[in-house]
Protein chains: 2
Amino acid sequence: MMQVPLTVGSLLERAETFFPKKEVVSRTLSGIHRFTYKEIGRRTRRLASALDTLGVKRGDRVGTLAWNHHRHLEIYFAAPGMGAVLHTINLRLSPEHISYIINHAEDQVLFVDEDILPLVEKVKDSLTTVKAYIIMTDQDKLPATTLEPVYSYERLLEAGDPEQSFLQDINENDPAGMCYTSATTGNPKGVVYSHRGIVLHSYALGLADTTALSEKDICMPVVPMFHVNAWGMPFAATWFGSKQVLPGPMFTPKLLAQLIENEKVTVTAGVPTIWLGLLNELEQNHYDTSSLRSILCGGSAAPMAMIKAFEQKYNIPFLHAYGMTETTPLATISTLKSYQEDIDEEEKLNIRSKQGLLVPGLQMKVIAGDNEVKWDGKEMGELLIKGPWIADEYYKDERTSESFKDGWLYTGDVATVDEEGNVKLVDRTKDLIKSGGEWISSVDLENALMAHEAVFEATVVGVPHPQWQERPIACIVLKDAFKGKVEKQEILDFIAPQFAKWWMPDEILFLDEIPKTSVGKFLKRELRSRLKDYFFEI
Amino acid sequence: MMQVPLTVGSLLERAETFFPKKEVVSRTLSGIHRFTYKEIGRRTRRLASALDTLGVKRGDRVGTLAWNHHRHLEIYFAAPGMGAVLHTINLRLSPEHISYIINHAEDQVLFVDEDILPLVEKVKDSLTTVKAYIIMTDQDKLPATTLEPVYSYERLLEAGDPEQSFLQDINENDPAGMCYTSATTGNPKGVVYSHRGIVLHSYALGLADTTALSEKDICMPVVPMFHVNAWGMPFAATWFGSKQVLPGPMFTPKLLAQLIENEKVTVTAGVPTIWLGLLNELEQNHYDTSSLRSILCGGSAAPMAMIKAFEQKYNIPFLHAYGMTETTPLATISTLKSYQEDIDEEEKLNIRSKQGLLVPGLQMKVIAGDNEVKWDGKEMGELLIKGPWIADEYYKDERTSESFKDGWLYTGDVATVDEEGNVKLVDRTKDLIKSGGEWISSVDLENALMAHEAVFEATVVGVPHPQWQERPIACIVLKDAFKGKVEKQEILDFIAPQFAKWWMPDEILFLDEIPKTSVGKFLKRELRSRLKDYFFEI
């Protein structure tokens, strides 16, 4: 067989060649813009040639601090296309962490959205490798800034060559992208994506049995493009010639609902908190969401009550998936097998609320101690994954040895596997609640709590306890309409039938807000820290 | 990213792990058999261990002369799984060619279906490398044979280890399979498939935009497993956990129709002559074919009239694809783009009767002389293909240099490309009719002829002509009901509106049968040879 490498540049080339008329809809600070793949292709080639001119060399890291929009999409292909490495930076991290990862990755140039400028100006004096800043503004004129040297994205493109070829002799194992993931303690950890990994992962996204991404789709990644490449959707959607809708900065649930209605979005992707927000919006205002064939949800477990609401109330199919920064990210996806079509609706929902089946191309095992757990849906253990789009290290980081052992990624996620092979995440190893020598799954309790009509968000943490080591405390945000109108006991009574007595939370705290990570996950560490003396102060 | 090789063994492992209850339905000389993937997995491992015992080493070729059934499927995974090379032999070739390719491939062992025994006995004395014959019979007792040493497939399995591991340290570029393709002149040419090529091709088959093969499918490859791995369907169907229906030896259109009805087949695959036969059967007897979501058709161009009949009369979607032994084989597949959904039905049919769009992962160009042709649906040129599942040579064969140049496969197919990028095969370079310095497409004429209600099969060949170099002659087989009732002129009048006058065939010959190749394609070489003096004898 021919030794033809799998390269990121070839994904865009296919869109330019076969789908030049298809559209990328992009929202920026100045409104909605529309570009065809033909235009995106020429602009990307201009950008690749401009990177050349800026002195970016093969293997150099190109940093981005940007929202989901067409310019970010162009860098997605221009950097790997010319042999450099796309380094998307999570702009919700602390300035200290942002500064750390830019220096650690040794970014040579930095692409920055206009509204992120103040953040970058704050850290600029600590940056040791950045040789140029490019401001991704709609204006030709640059805004006033203390950054230097500074370039206008559009001016840079004007000077670039729209016919620039992508680098041909790429080794498919060369780095194409990188992304840092938050660590429980210490600095973020870097994950490097190869050309091969990204292309194989794109195949995985196009399979009929996974997300079935297709030319017929209108694909809106809400998950940020600075977070695990927006789950790889911009790569795959471009390859398959799907229309893309990129929702830009500071979107609201209302804006998302409008984009779904106006652009006839068929597939969208994001974390549960995004969908909780959308659900809330759909409950308040009417939108035509009939074009949606799939809401792809991952990042943390989707509460069954939310899946049910989307499917039964709004007739929007919900697709539950699992992955992490280290897995590019798609690892498992929830789906019914053909012989499960006749089981009752509740049981179907139960299966589909799990994280589901391993995607073709990967291997997994779930271990407790030295042994693999039984696939009975009950035995818990840590999930291990292996495969060609799974990282094998943290970039120049001693913590590699904690997570990568004997050729496997130790995910840090505790899971069960049922008889059909469906993975169900029970908790993070560090979030499991250890009570009196037994384990309590915070995720199971959260799902049960979220099913209560008054509950907007719920999280459960293990809090140190003098007698039991840890005991669960639930933190709950009520929906506006229910604030001040619901008692703790009502909620405890509501979930009690589902759990053994010793699983029940010792306390329910009503909060205005649950602290979240930069990518919208509940920040349990913060809650644990606030509550650490709770049982000692009583 | 982890350096995890793409291996054929891992495809079966996924079926064993996640789809152990799903079925393989296999028809052999003794009737219909049913096996689960769990059973197929254990039998395959027994077989791999038996191959070990027979002395088959890494890289050795394992020959098969067999129809589509479960034992053949087991060898598909056992041979590559233990590091050997699956060599499927086209049992419809001449004894001389069969002997040539077994010796040329240096097959170490030969798996033979019971009804193929006489053929093998005929050539056995010329075989120089075969060390063992395994008869794939349902009986434990071996039939009488002059082959030696000879083994019973089932006895061999009994002695094998059902827990045998597949070889772990496979390089994904190692050979996993091989298949010989007929040459216009001389001996067949060998194509070697790598593990990597087969796995990437399997991804391609699972994409929503191609055949969308899925766990929900019931997949019946009618294309023989000795022909380009039955288009890769057994590999992909196993990987995705589809139920498989393998129709066995000497099937008839009636049998295929019954299997479709009884097993609720959703996807089936084969060459146009198979589907002409099935269409004929459907016209004579009633079957429930409502389960079929796709008839995949390739090997040679499907006549538009046939596509129309299946779709409009029987409501069976028809999927036209293109590939060859050298391309594993899927290269292009016909599909409408999302913005073509509103065009009229005739124009849709016109698009869908083309060979369609290049599959994600491949590159193509169409050249006339040194230049690429314009994508206008008119300019003709030779189709060139490149990609990770495209062969880069013929196995130990000097003819490699004729077809593989500058990193491209020269397909020998003449094609046009329309504005949307759809490939349309116009002819084989050698079948194009050269008349008075212009080119006439035999395929276009054939499609027009096949649309006549009386025509069962039609082929057009260029015949040497004293004045025009070549002129087209049409050879036609009428449907039984029309035999003796149709005049030449009626058929010529029927197609005349579609063609320039000088494209029209000079003659129509009514034949009882059109000679075909071993894989069911029209054997134009044979017709040209019969007719070579036609215009000189008049």
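Since we're looking at a predicted model, the values are computed, not measured.

1. Some details on the packing of helix 1 (residues 8-18) of chain B against helix 9 (residues 233-240) of chain B
Residues and elements named next belong to chain B.
- Interhelical geometry of helix 1 versus helix 9 gives an angle of 40° and a closest axis separation of 6 Å. With respect to helix 9, the axis of helix 1 lies oblique. Facing V8, S10, L11, L12, R14 and A15 of helix 1, the residues of helix 9 in contact are F235, T238, W239 and F240.
- Residue composition of the contact of helix 1 with helix 9, by class: seven nonpolar, two polar and one charged.

2. A few points about the packing of aromatic side chains
- Across all of its chains, the model carries 25 aromatic pairs over all chains by this definition.
- On the basis of an interplanar angle of 65° and a centroid distance of 6.0 Å, the ring pair of W67 of chain A and F226 of chain A is categorised as edge-to-face. You can see W67 of chain A sitting in the loop between strand 3 (61-65) and helix 3 (70-81) and its partner F226 of chain A sitting in the loop between strand 10 (218-221) and helix 8 (228-231), a full 159 residues away along the chain. For the pair formed by W67 of chain A and F226 of chain A, the shared burial category is buried.
- When the ring of F77 of chain B is compared with that of F235 of chain B, the centres are 5.6 Å apart and the planes differ by 85°; the resulting orientation is edge-to-face. With F77 of chain B in helix 3 (residues 70-81) and F235 of chain B in helix 9, this pair connects stretches of sequence that are 158 residues apart.

3. Side note on the pairing of strand 22 (residues 423-428) of chain B
Residues and elements named next belong to chain B.
- Here five bridges tie strand 21 (residues 408-417) to strand 22, and the two strands are oriented antiparallel to one another. In the strand pairing of strand 22, D413 is matched with R428.
- Counting the residues that bridge the hairpin from strand 21 to strand 22 gives five residues, and of these G421 lies at a positive phi of roughly 95°.

4. With respect to the domain arrangement of chain A
All names here are of chain A.
- Considered domain by domain, chain A is made up of domain 1 (8-206), domain 2 (362-428) and domain 3 (433-537).
- For domain 1 and domain 2, the distance between their C-alpha centroids amounts to 32 Å.
- With 22 residues of domain 1 in contact, the opposing surface of domain 2 contributes nine residues.
- Between E106 and K396 there is a salt bridge, with the nearest N and O atoms lying 3.3 Å from each other.
- Where domain 1 touches domain 2, the interface holds six residue pairs in polar contact (both at pLDDT 80 or more).
- Within the residue set of the side of domain 1 that touches domain 2, elements represented by two or more residues are helix 4 (95-105), strand 8 (175-181), strand 9 (189-194) and helix 7 (195-206).
- Of the residues belonging to the side of domain 1 that touches domain 2, the class tally is 10 nonpolar, eight polar and four charged.

What counts as what
- Residues numbered from 1 in each chain as written.
- Chains lettered and ligands numbered in written order.
- Predicted model: local features only at pLDDT ≥ 70, side-chain atom pairs only at ≥ 80, totals over all residues.
- Heavy atoms only, no water.
- Axes fitted to C-alpha atoms, helices over the stretch in contact; angles between N-to-C directions.
- Helix = DSSP H or I, 4+ residues; strand = E, 2+ residues; numbered from the N terminus.
- Parallel < 35°, antiparallel > 145°, perpendicular 65-115°, else oblique.
- Contact = heavy atoms within 4.5 Å.
- Nonpolar A, V, L, I, M, F, W, Y, C, P; charged D, E, K, R; others polar.
- Phe/Tyr/Trp six-rings, centres within 6.5 Å; stacked < 30°, edge-to-face > 60°.
- Buried < 20%, exposed > 50% of the residue type's maximum accessible area, 1.4 Å probe, protein only.
- Pairing = 2+ DSSP bridges.
- Domains from an automatic or database assignment.
- Salt bridge = Lys/Arg side-chain N within 4 Å of Asp/Glu carboxyl O.
- Polar contact = N/O pair within 3.5 Å; in protein donor to acceptor, adjacent residues only side chain to side chain.

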